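# Structure assessment
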Amino acid sequence: MKKVNGLFAVLFFFGLTLGANAQSKTGADYFAGKWNILLKGLPDGDTKMFFVLDKKDTTMTGVVQDSTGKEIAKIDKVELNDSTATVYFTAQSYDVNLVMKKKDDDHVTGSLMGMFEAEGDRVKKDAAK
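Quick summary incoming for the structure in this document.

Cut-off values and rules
- Residues numbered from 1 in each chain as written.
- Predicted model: local features only at pLDDT ≥ 70, side-chain atom pairs only at ≥ 80, totals over all residues.
- Heavy atoms only, no water.
- Phe/Tyr/Trp six-rings, centres within 6.5 Å; stacked < 30°, edge-to-face > 60°.
- Buried < 20%, exposed > 50% of the residue type's maximum accessible area, 1.4 Å probe, protein only.
- Helix = DSSP H or I, 4+ residues; strand = E, 2+ residues; numbered from the N terminus.
- Lys NZ or Arg CZ within 6 Å of the ring centre and 35° of its normal.
- Contact = heavy atoms within 4.5 Å.
- Pairing = 2+ DSSP bridges.
- Axes fitted to C-alpha atoms, helices over the stretch in contact; angles between N-to-C directions.

Moving on: the packing of aromatic side chains. By the definition in use, this model includes four aromatic pairs. Measuring from centroid to centroid gives 5.5 Å for Y30 and W35, while their planes differ by 45 degrees, and the two rings are tilted. Classification of W35 by relative accessible area gives buried; the value is 0%. Residues F51 and F89 carry aromatic rings whose centres are separated by 5.4 Å and whose planes lie at 70 degrees to one another, so their mutual orientation is edge-to-face. With F51 in strand β2 (residues 47–56) and F89 in strand β5 (residues 84–91), the pair connects residues that are 38 residues apart, well separated along the chain. A relative accessible area of 0% places F51 in the buried class. Seen from the ring of F50, K34 lies directly overhead, with NZ or CZ sitting 4.6 Å from the centre. The lysine or arginine in question, K102, covers the ring of Y30, its NZ or CZ lying 4.8 Å from the ring centre.

Listed below in structure tokens is the structure:
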């Protein structure tokens, strides 16, 4: 009987371990990395940009890159909660913000300045080479 109880205890703790690993990332842990963002309906047409977000202690920093990977702006500030990041930066002398909302583990939706639709996907490290 002790062996059966011991077996159930081992299985129980194994199940807890799997459950803890299955939790998805949130906040800075989720948004850190490189994001390929498509901004739709801008005056000059749809535009792709890369947002590279780096986790620094309790804050985030980063840069905005054009579709070729050239840096076009530094990120001034990032406001985070579990499933949303608001990224503030300057583009063409205007202070703008991009709201990124977690859709799933590797995709976001959102808007630029609350006016233009945005959708994006995480750039995988192998694909960034």
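Structurally, V96 can be placed in strand β6 (residues 94–104). Along the backbone, V96 and L112 are 16 residues apart, and their C-alpha atoms lie at a distance of 7.4 Å. Those residues within four positions of V96 in sequence are excluded, and the remaining contacts are V87, Y88, F89, A91 and M113.

What follows concerns the sheet that holds strand β8 (residues 116–122). Pairing within the closed barrel is antiparallel, and its eight strands lie in the order β1-β2-β3-β4-β5-β6-β7-β8. Neighbour-to-neighbour, the strand axes of the sheet open up by a mean angle of 30 degrees, direction not taken into account. Strand direction decides the pairing type here: strand β3 (residues 59–65) and strand β4 (residues 71–80), joined by three bridges, are antiparallel. Paired with V63 across the two strands is K74, which belongs to β4.

On a regular strand, each side chain points to the face opposite its neighbour's, so the side chains alternate between the two faces of the sheet. Where β3 hands over to β4, the hairpin turn is made up of five residues, of which G69 adopts a positive phi near 95 degrees. Across five bridges, the pairing between β4 and β5 is antiparallel. If you follow E79 over to β5, its bridge partner there is T86. Between β4 and β5, which pair antiparallel in sequence order, lie three residues.

With that out of the way, let us pick up unusual backbone geometry. Glycine aside, a negative phi is what most residues show, and trans is what most peptide bonds show. Positive phi, close to 50 degrees, is recorded for Q92, a residue that is not glycine. The phi torsion at M113 lies on the positive side, around 60 degrees, for a residue other than glycine. Its place among the elements puts M113 in the loop between β7 (107–112) and β8. Judged by relative accessible area, M113 falls into the partly exposed class, the value being 35%.

Everything listed here is a matter of coordinates, which is why it stays silent on function.
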